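What follows is the residue order along each chain.
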Amino acid sequence: MGEIVGNADIDACEDLLEGLRRGRPAAGQDPVKRSQIIDGARRVFIEKGFEAASMNDITREAGVSKGTIYVYFANKEELFEALIEEERGTIFKNMYDMLERADDLRQTLIKFGKVLSMKITSARVIQAQRTVIGASDRIPDMGARFYERGPKRGHDKVVTFLNAAIERGLLEIEDVDLAAYQFTELCLAGLFRQCIFAYRTKAPTQDEIDHIVRSGVDMFLKAYGTERLAEGEKTLHSS
């Protein structure tokens, strides 16, 4: 007996044949179609959250056939992770580049801390993190991958930056890994939890962020700054 072909499979085949006739990318390779699906998924996840969202919801919102969506993404989890990766790439693109140009340690830390705090507490990032947290209870591997590809990767860049400052004789740190976590926490002091739990309904102002980050950098450098750093800053200010 022949194998029964579902409607979704027929839709996918028809999309593939139509694409070939028009010279479009092969199934699963069209960046415009992929972006269309991800945009639809973004709206559904924001409205319903990860658990309540279904592939049928996303199909309707994206305006594609069910067969087409499965050509690009095997399941809801894979689609969600693709969305998070795209969001991360857009929001945090080039953010860590400033750590590679560190002529003035204090000012580099302040500049980076302000950008980090602004992005982490933005409505877009807070919403994404809430969704990941909600999904991680049921799919812990997803939460682990999110952390490894995002926060952990950024943390490692901060560690590299601090190690470079130690080699220049500007910092003296016994546990650099811990110090990197301390620095980011100081830049977000009192802000992140207020945002993630919706205690604060609006993103922090630039003045708030500036005050918190400058205070955090002062504390960080008082704890880890060397005499060489202090002398350099004194010379800079007197010139």
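Because the structure is predicted, anything quoted here is derived from the model rather than measured.

So, how was this worked out
Residues numbered from 1 in each chain as written. Predicted model: local features only at pLDDT ≥ 70, side-chain atom pairs only at ≥ 80, totals over all residues. Heavy atoms only, no water. UniProt positions renumbered as here; feature names shortened; annotations may be inferred. Helix = DSSP H or I, 4+ residues; strand = E, 2+ residues; numbered from the N terminus. pLDDT = per-residue confidence, 0-100. Axes fitted to C-alpha atoms, helices over the stretch in contact; angles between N-to-C directions. Left-handed = near helix turned anticlockwise from the far one by under 90°. Contact = heavy atoms within 4.5 Å. Nonpolar A, V, L, I, M, F, W, Y, C, P; charged D, E, K, R; others polar. Expected span 1.5 Å × (residues − 1). Buried < 20%, exposed > 50% of the residue type's maximum accessible area, 1.4 Å probe, protein only. Arc of directions from axis to C-beta. Phe/Tyr/Trp six-rings, centres within 6.5 Å; stacked < 30°, edge-to-face > 60°. Lys NZ or Arg CZ within 6 Å of the ring centre and 35° of its normal. Polar contact = N/O pair within 3.5 Å; in protein donor to acceptor, adjacent residues only side chain to side chain.

A. Structural context of the UniProt feature "DNA-binding region" (unreviewed entry) in the protein chain. This chain's UniProt record puts "DNA-binding region" (unreviewed entry) on residues 54–73. Between the C-alpha atoms that bound residues 54–73 there is a distance of 13 Å. The span itself is 75% helix and 0% strand.

B. Fine view of the confidence of the model for the protein chain. Summing up the model confidence of the protein chain, the mean pLDDT is 85 and the portion of residues at 70 or higher is 87%. Across the protein chain, element-level confidence peaks in helix H10 (residues 176–187) with a mean pLDDT of 98 and bottoms out in helix H1 (residues 7–21) with 51.

C. A look at the packing of helix H6 (residues 105–120) against H10. With their axes 9 Å apart at the nearest point, H6 and H10 run at an angle of 65° to one another. Handedness of the crossing formed by H6 with H10: right-handed. Of the residues in H10, those in contact with Leu-109, Phe-112, Gly-113, Leu-116 and Ser-117 of H6 are Phe-183, Thr-184 and Cys-187. Class assignment of the residues belonging to the contact of H6 with H10 gives a composition of 5 nonpolar, 3 polar and no charged.

D. Broad picture of helix H12 (residues 206–224). Across its 19 residues, H12 extends 26 Å between first and last C-alpha, which sits within 8% of the 27 Å expected from 1.5 Å per residue. Those residues of H12 lying buried are Ile-209, Ile-212, Val-213, Gly-216, Val-217, Phe-220, Leu-221 and Tyr-224. Looking straight down H12, one finds its buried side chains confined to an arc of 155°; they lie on one side. Facing away from the buried side of H12 by more than 90 degrees, the exposed set consists of Asp-207, His-211, Met-219 and Lys-222.

E. Geometry of the packing of aromatic side chains. This model, assessed by the stated rule, comprises 7 aromatic pairs. Seen in terms of ring centroids, Phe-45 and Phe-80 are 5.0 Å apart; in terms of plane orientation they differ by 75°. Their pairing is edge-to-face. On the criterion of sequence distance, the pair formed by Phe-45 in helix H2 (residues 31–52) and Phe-80 in helix H5 (residues 76–91) is long-range, its members being 35 residues apart. Accessibility expressed as a relative area gives 2% for Phe-80, which makes it buried. Between the aromatic rings of Phe-183 and Phe-220, the centroid separation amounts to 5.5 Å while the plane-to-plane angle is 65°, which identifies the pairing as edge-to-face. Taken together, the residues span a long stretch of sequence, with Phe-183 in helix H10 and Phe-220 in helix H12 at a distance of 37 residues. Residue Phe-220 is classed as buried on the basis of its relative accessible area, which comes to 2%. An aromatic cluster is defined as three or more aromatic residues linked by ring pairs; in this entry it consists of Tyr-96, Phe-112, Phe-183, Phe-220 and Tyr-224. Lys-76 extends its terminal NZ or CZ atom over the ring of Phe-50, reaching a point 4.5 Å from the ring centre.

F. Inspection of the environment of Arg-42 at higher detail. Mapping Arg-42 onto the fold places it in helix H2. Along the sequence, Arg-42 and Leu-79 sit 37 residues apart, while their C-alpha atoms lie 9.7 Å from each other. Ignoring sequence-local partners within four residues, the contact set of Arg-42 consists of Leu-83, Glu-86 and Glu-87.

G. Just the environment of Asp-97, in detail. For Asp-97, the location among the structural elements is in the loop between H5 and H6. Classification of Asp-97 by relative accessible area gives partly exposed; the value is 31%. For the pair Asp-97 and Phe-112, spaced 15 residues apart in sequence, the C-alpha to C-alpha distance is 9.4 Å.

H. Geometry of H6. Given a rise of 1.5 Å per residue, 16 residues ought to cover 22 Å, and the 22 Å separating the end C-alpha atoms of H6 matches this to within 8%. Residues of H6 that are buried include every one of Leu-105, Arg-106, Thr-108, Leu-109, Ile-110, Phe-112, Gly-113, Leu-116, Ser-117, Lys-119 and Ile-120, and no others. The backbone nitrogen of Arg-106 has a side-chain oxygen 3.2 Å away, supplied by the residue at the start of H6, namely Asp-104.

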